[in-house]
Amino acid sequence: MNDNVKSPWPGPAGMIPVTSGKADDANVFNRNYLDSIHVEMRVIDAVEPTLKTVIFGEEFDSPIMMPAFSHLNKVLKDGKKPMLEYARAAKKLNTVNWVGMEPNEEYAEIAAEGARTVRIIKPFADHNIILDEIQFAIKHGAIAVGVDIDHVPGTDGRYDVVDGIPLGPVTLSDLKEYVKAAGNVPFVAKGVLSVQDALKCKEAGCAAILVSHHHGRIPFGVAPVRFCLRLRQHWREVASQSSLTVVLIQATMLIKHLH
């Protein structure tokens, strides 16, 4: 992120992060990488596909899901709540709704919209906050819960602080604790961009990993779709004897790479 770059987005400065656009900007590399991909034509024996898919044991009309936004209710004025609006959209489209950092009372409002929702929780230094938010999400019918494993460092390389709340490291034993706390509700590790972390998520018992990069916060970070190629090479190692699911928001690009 770069405080000197003028944001094109509404809301308080820094609410919706804007990266530098320079050589180290992972978003620039990711955009260029996606734009370099072309589709190979395979039309013989091809038929019109259905977009219906099963995620966490439930059928949805599309594999394209809502992103795990946070804080959007602070962006607009006049009492408008974008977090509720896109929950309604997810329900109408019958797709999975993802929610990022929101206090319990606002998460309850979002859940009340009726969309099947995954709650992604920050890696708070105080693990009691994480465990409390896991249980709160489960009580409010979450289809899955998870933790943002890639939002540990801040822009200065130290543990980040969000809304005045310190974040901390995520260890393998931490993940095992969160998986256990989730019980029968699937647990997701969001922000996996290495085979090493994918294997640790499998060992911890995660039901799924989200291949993503938290608004490109790590300089020179690998493009998520490019990582999928490496993940595919290690797929037997990562997914053998496991029901680990790989979820990627950039679904079209995943289809191009994995087929």
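Student: Which residues make up the packing of helix α1 (residues 26–35) against helix α7 (residues 224–233), and what are the values?
Tutor: α7 packs onto α1 with a crossing angle of 65° between their chain directions and a minimal axis gap of 8 Å. On the basis of their axis angle, the class for α1 and α7 is roughly perpendicular. Taken together, the residues of α7 that come into contact with α1 (itself represented by Phe-29, Asn-30, Tyr-33 and Leu-34) are Pro-224, Val-225, Arg-226 and Leu-229. When grouped by side-chain class, the residues that make up the contact of α1 with α7 number 6 nonpolar, 1 polar and 1 charged.

Student: If you had to explain the pairing of strand β4 (residues 117–121) to someone new, which residues and values would you point to?
Tutor: Within β4, 5 of the 5 residues are buried, leaving the element largely enclosed by the surrounding structure. A two-sided burial pattern is seen for β4, the buried positions comprising Thr-117, Arg-119 and Ile-121 on one face and Val-118 and Ile-120 on the other. Where strand β3 (residues 97–99) and β4 come together, 3 bridges link them in parallel fashion. Within the sheet, the bridge partner assigned to Asn-97 lies in β4 and is Thr-117. In this region the chain leaves β3, passes through helix α3 (residues 104–111) and returns to the parallel neighbour β4; the handedness of that crossover is right-handed.

Student: Please set out the confidence of the model for the protein chain residue by residue, giving values where relevant.
Tutor: In the predicted model, the protein chain carries a mean pLDDT of 85, and 84% of its residues have values of at least 70. The weakest mean pLDDT in the protein chain belongs to helix α9 (residues 251–258) at 42; the strongest belongs to helix α4 (residues 127–139) at 98. In the predicted structure, residues 249–259 sits below a pLDDT of 50 and forms 23 contacts with residues beyond four places in sequence or in another chain.

Student: Could you give an account of the packing of aromatic side chains, with specific residues and numbers?
Tutor: Counted under the stated rule, the structure contains 3 aromatic pairs. Here the aromatic rings of Phe-69 and Tyr-86 are separated by 5.5 Å at their centres, their planes lie at 80°, and the arrangement is edge-to-face. Of this pair, Phe-69 sits in the loop between β2 (58–60) and α2 (82–93) while Tyr-86 is found in helix α2, placing the two residues 17 residues apart along the sequence. Using a relative accessible area of 8% as the deciding quantity, one classes Tyr-86 as buried. With a centroid separation of 6.3 Å and 35° between ring planes, the pair formed by Tyr-178 and Phe-187 is classed as tilted. A relative accessible area of 1% places Phe-187 in the buried class. Arg-119 extends its terminal NZ or CZ atom over the ring of Tyr-107, reaching a point 4.5 Å from the ring centre.

Student: Account for a nonpolar patch on the surface, naming residues and giving values.
Tutor: Together, Met-41, Val-43 and Ile-44 line one region of the surface with nonpolar side chains, adding up to about 390 Å² of accessible area. Turning to its location among the elements, Met-41 is positioned in the loop between α1 and β1 (53–55).

Student: Explain the state of the cysteines to me, using residue names and the numbers behind them.
Tutor: All chains considered together, the criterion is met by 0 disulfides. The thiol of Cys-201 is unpaired, and the distance to the nearest cysteine sulfur, on Cys-206, comes to 4.4 Å. Here Cys-201 falls in the buried class, since its relative accessible area comes to 1%.

Student: An account of the pairing of strand β8 (residues 187–190) is needed here, citing residue identities and associated values.
Tutor: Burial of β8 is two-sided: the residues Phe-187 and Ala-189 facing one way and the residues Val-188 and Lys-190 facing the other way are all buried. Where strand β5 (residues 144–148) and β8 come together, 4 bridges link them in parallel fashion. Directly across from Asp-148, in β8, lies its bridge partner Lys-190. Across 3 bridges, the pairing between β8 and strand β9 (residues 208–210) is parallel. Bridging across to β9, Val-188 finds its partner in Ala-208.

What counts and what doesn't
Residues numbered from 1 in each chain as written. Predicted model: local features only at pLDDT ≥ 70, side-chain atom pairs only at ≥ 80, totals over all residues. Heavy atoms only, no water. Axes fitted to C-alpha atoms, helices over the stretch in contact; angles between N-to-C directions. Helix = DSSP H or I, 4+ residues; strand = E, 2+ residues; numbered from the N terminus. Parallel < 35°, antiparallel > 145°, perpendicular 65-115°, else oblique. Contact = heavy atoms within 4.5 Å. Nonpolar A, V, L, I, M, F, W, Y, C, P; charged D, E, K, R; others polar. Buried < 20%, exposed > 50% of the residue type's maximum accessible area, 1.4 Å probe, protein only. Pairing = 2+ DSSP bridges. Right-handed = clockwise from strand over helix to strand, strands pointing away. pLDDT = per-residue confidence, 0-100. Phe/Tyr/Trp six-rings, centres within 6.5 Å; stacked < 30°, edge-to-face > 60°. Lys NZ or Arg CZ within 6 Å of the ring centre and 35° of its normal. Patch = residues over 30% accessible without salt bridge, like charges linked within 9 Å, V, L, I, M, F, W, Y side chains within 5 Å. Areas by Shrake-Rupley, 256 points an atom, 1.4 Å probe, with all protein chains shown as cover. Salt bridge = Lys/Arg side-chain N within 4 Å of Asp/Glu carboxyl O. Disulfide = S-S within 2.5 Å.

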